[in-house]
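Here is what each chain is made of, one letter per residue.
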Amino acid sequence: MSKQRLHRNVVIIGSGPAGLTAAIYSARANLKPLLIDAPVDAEKQTAPGGQLMITTEVENYPGFAEGIQGPEMMAEFRRQAERFGTEFIEAWIEKVELRERPFILHTREYVIQTETLIIASGASAKWLGIPGEAKVPDGLGGNGVSACATCDGPLPAFRNKPLVVVGGGDTAMEEATFLTRYASRVFVVHRRDKLRASKIMQDKAFRNPKLEFIWDTAIEEILGTPEDGVTGIRLRNLKTAAKRIFACSGVFIAIGHKPNTDLFKGQIETDQVGYIKTSGRSTATNIPGVFASGDVQDSIYRQAVTAAGTGCMAALDAERFLDHLPVMMPSGEEVTREGEHITADQEAIITPDGHMIPNKTEYAAPGE
Ligand code: NDP
């Protein structure tokens, strides 16, 4: 079967808050964006709409005073993107070619060329893979098991109850500290007797009187029922092999996230973990014309509202780039669609053929 060929100005990968916000902005700017979202796959944790599709109540997104269900919110984002003419394709992207423009994306049915690419493929929480952890109805995921304390911690089911956080990194410390605001007590279960978290986060956690550590221990199973939610966990001491049941009302898995960047490996600059590097002052990556927004470039904030914010930035950056205006790169240089580079100190412009010209315009006052 021969593949259908498409050519677009803006292609967006991902349909979480970042991708859909980028779509809303670029569609309203008449750029006719094409958004490619991943099909539903439980194992790969993908669903059109991203991580909010596995969240229940969202209480911290501004504008929803009474809160809103994650999937309902993403349906609204999508309707808004559709309203301004975003085109959607649901497909696995098999390969991308980012070496030169137009960039090329291959799916089973299409070969898509694009002048700009906005990567908003998100990140996936890592899971332990133990019984009881899977999403309802197969386990208690969404019914007492969560990978996001900021999202789910304040829910009534967790108030004044003993809660467990798994992990020993900065995320685990941050989540555990946050949860002490609501829980009767928070227990951090860690597989070693030393934390990986930064010293400042460790100190803060050790000083918190509502936080306790269970060292050298793994969780083997999460216990509970659909009616009661989580009622406890089965623990195994990794040094003594002793097992015990520990009563708790919620389990927060905080063993890290994996940015969804495998597709771009070797082609785009990432940090050691795999998060795409952007300049901070724009969403530009090291490849002129490729922008990244949302959790795929953010290991720190990871909120729906920050993802939406960077989605908006990516659309505006792509629009600037298509309009032949300079866009800030991670290096601090600015680059245009024609390949001109403005040095980070703003002193010079380097033309595509390598000539350097001063970036100074002296205006003569009228009459001089
Ligand atoms: P990390 O990879 O730093 O830590 C993961 C933790 O989970 C480790 O303690 C690890 O144990 C444990 N772990 C991993 N897999 C398993 C498993 N299968 N079973 C049990 N335990 C497991 O991830 P984080 O998400 O904490 O942090 C990622 C990055 O983001 C870091 O660079 C961090 O500094 C940064 N970050 C910064 C924040 C801030 O500055 N406010 C907030 C959150 C994150 P072990 O130690 O034994 O390997």
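Residues numbered from 1 in each chain as written. Predicted model: local features only at pLDDT ≥ 70, side-chain atom pairs only at ≥ 80, totals over all residues. Heavy atoms only, no water.

S.K.: It is not clear to me how helix H2 (residues 70–83) should be interpreted in this structure. Could you clarify?
M.R.: Two residues of an α-helix separated by three or four positions point the same way, owing to the 3.6 residues in each turn. Taking 1.5 Å of rise per residue, the 14 residues of H2 would be expected to cover 20 Å, and the 20 Å separating its terminal C-alpha atoms lies within 8% of that figure. Burial in H2 covers these residues: Gly70, Met73, Met74, Phe77 and Ala81. Down the axis of H2, the buried set is contained in an arc of 95°. They therefore lie on one face. Seen from the open side of H2, the exposed residues pointing more than 90 degrees away from its buried face are Arg79 and Arg83. Buried residues along H2 sit in contact with helix H1 (17–28), strand E3 (57–58), strand E4 (68–69), strand E5 (87–90) and helix H6 (304–322). Where H2 terminates, the next one or two residues include Gly85, which has phi positive at roughly 100°. (Helix = DSSP H or I, 4+ residues; strand = E, 2+ residues; numbered from the N terminus. Expected span 1.5 Å × (residues − 1). Buried < 20%, exposed > 50% of the residue type's maximum accessible area, 1.4 Å probe, protein only. Arc of directions from axis to C-beta. Contact = heavy atoms within 4.5 Å.)

S.K.: Teacher, can you tell me more about the nonpolar core here?
M.R.: In terms of nonpolar packing, the biggest core is built from 29 residues, with Ile12, Tyr61, Met73, Phe77, Ile118 and Phe291 touching the most fellow members. Mapped onto this core, the elements with two or more residues apiece are strand E1 (4–13), H1, H2 and H6. Those residues in contact with Met73 that lie beyond four places of it in its chain are Leu52, Val58, Tyr61, Phe64, Ile68 and Ala304. In terms of nonpolar packing, the next biggest core, distinct from the first, is built from 23 residues, Ile268, Ile287, Val290 and Ala292 among them. (Core = buried A, V, L, I, M, F, W, Y, C linked by side-chain atoms within 4.5 Å.)

S.K.: Even after reading the chapter, I still don't get a positive patch on the surface, so can you show me in this structure?
M.R.: Side chains of Lys126, Arg191, Arg192, Lys194 and Arg196 sit close together on the surface and give a patch of like positive charge. Relative to the elements of secondary structure, Arg191 occurs in the loop between strand E12 (185–189) and helix H5 (199–207). (Patch = residues over 30% accessible without salt bridge, like charges linked within 9 Å, V, L, I, M, F, W, Y side chains within 5 Å. Areas by Shrake-Rupley, 256 points an atom, 1.4 Å probe, with all protein chains shown as cover. Salt bridge = Lys/Arg side-chain N within 4 Å of Asp/Glu carboxyl O. Lys, Arg positive; Asp, Glu negative; His and termini not counted. Charge placed at Lys NZ, Arg CZ, Asp CG, Glu CD.)

S.K.: What is the right way to read the packing of helix H4 (residues 170–179) against H5 from this model?
M.R.: In helix packing, the relevant descriptors are the interaxial angle and the interaxial distance, both defined with respect to the helix axes. The contact between H4 and H5 brings their axes to 10 Å, and the two run at 35°. Between H4 and H5 the crossing geometry is left-handed. Residues Asp170, Met173, Glu174 and Thr177 of H4 pack against Met201, Lys204 and Ala205 of H5. Among the residues forming the contact of H4 with H5, the class breakdown is three nonpolar, one polar and three charged. (Axes fitted to C-alpha atoms, helices over the stretch in contact; angles between N-to-C directions. Left-handed = near helix turned anticlockwise from the far one by under 90°. Nonpolar A, V, L, I, M, F, W, Y, C, P; charged D, E, K, R; others polar.)

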